[in-house]
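# Descriptive analysis of the structure
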Amino acid sequence: DISIFEAGASDIEQQVLSKFADFGLGSNHTQHPELSYQPILQDQYGAVMPKMHPLASANSLKWRQLNDYKMLHLSIDNGIRYELEALKKQEIIQFPSSAPSIEASNPNGLAALIEQNIGLAILPALVTHSHIFTQLKFVPLLSPVKFRSLFIVKRKDYTLAPAALNLSLIHISE
C-alpha cells in the first residue's frame, strides 16, 4: 500500500525518523545526521501577486523592488520560509516585513490571501503551478537569482520498501 501525506519540512523529517513514512519529499530543513537528502530538483523564487498588481506586467523583478509592498509569509515550520530566513540571515537576499503581520501555514492559504489583494508573497515557481494560483501572477526574482532545493529524505539506516523504492526512483528519473 502507498499512502501520501502533505506536511511541513519539520514534520516530514520527523515522520521519516519515526518510520511513519519510508521517505519524504521536502527541503533539507535541519541536516539531521540520521537522514540522507538526495536532491531531485531546484526551482526559482519569485514574487506572487494578483494579475492586476502594478508589478505583474514585469518579466522579472529585483528583490528590493518588493520593499514598498506588504509581504505575506509562510509559517517558519515550512521549508520555504526556513530557506528564505536563512538567506536573509546570510545577507544574500533582503526582503521586507521581517516580522510579518500575516502568515499562512501552506501555499494554498497564501494564495487565498494574495487573491484578496492583502499582500504579495515570495514562493518557488513550482508551488505556483497548482490550480489554486491560476488567478495570480508569478514573477521571477533576480539580483540575486535564488532557488529552492527539493530532496528525497530518508533514513540512512533504513532500506526502503519495494513500493517506496520504485516510487522514489520514478521521481529521480523524471
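Please refer to the structure higher up on the page.
Given the structure is predicted, the values throughout are model-derived calculations rather than measurements.

### Quick notes on the pattern of salt bridges
Within this structure, the stated rule accounts for five salt bridges. Arg155 is paired through a salt bridge with Glu34; the nearest N and O atoms lie 3.7 Å apart. Of this pair, Arg155 sits in strand E8 (residues 147–155) while Glu34 sits in the loop between strand E1 (24–26) and strand E2 (35–50), and the two are 121 residues apart along the sequence. Because the salt bridges share partners, they merge into one network encompassing Glu34, Arg155 and Asp157.

### Here's the deal with helix H1 (residues 9–17)
All of the buried residues along H1 are Ala9, Ile12, Glu13, Val16 and Leu17. The buried residues of H1 all sit within an arc of 130 degrees when viewed along its axis, so they share a single face. Looking at the packing, one finds that the buried side of H1 touches E1, E2, helix H2 (79–89) and E8. Of the residues one or two after H1, Lys19 is the one with positive phi, at around 65 degrees.

### Quick look at the pairing of E8
The element E8 is largely enclosed, with a buried count of seven among its nine residues. Relative to E8, E2 runs antiparallel, the two sharing nine bridges. Looking at the pairing, Gln38 lines up with Ile152 of E8.

What counts and how
Residues numbered from 1 in each chain as written. Predicted model: local features only at pLDDT ≥ 70, side-chain atom pairs only at ≥ 80, totals over all residues. Heavy atoms only, no water. Salt bridge = Lys/Arg side-chain N within 4 Å of Asp/Glu carboxyl O. Helix = DSSP H or I, 4+ residues; strand = E, 2+ residues; numbered from the N terminus. Buried < 20%, exposed > 50% of the residue type's maximum accessible area, 1.4 Å probe, protein only. Arc of directions from axis to C-beta. Contact = heavy atoms within 4.5 Å. Pairing = 2+ DSSP bridges.

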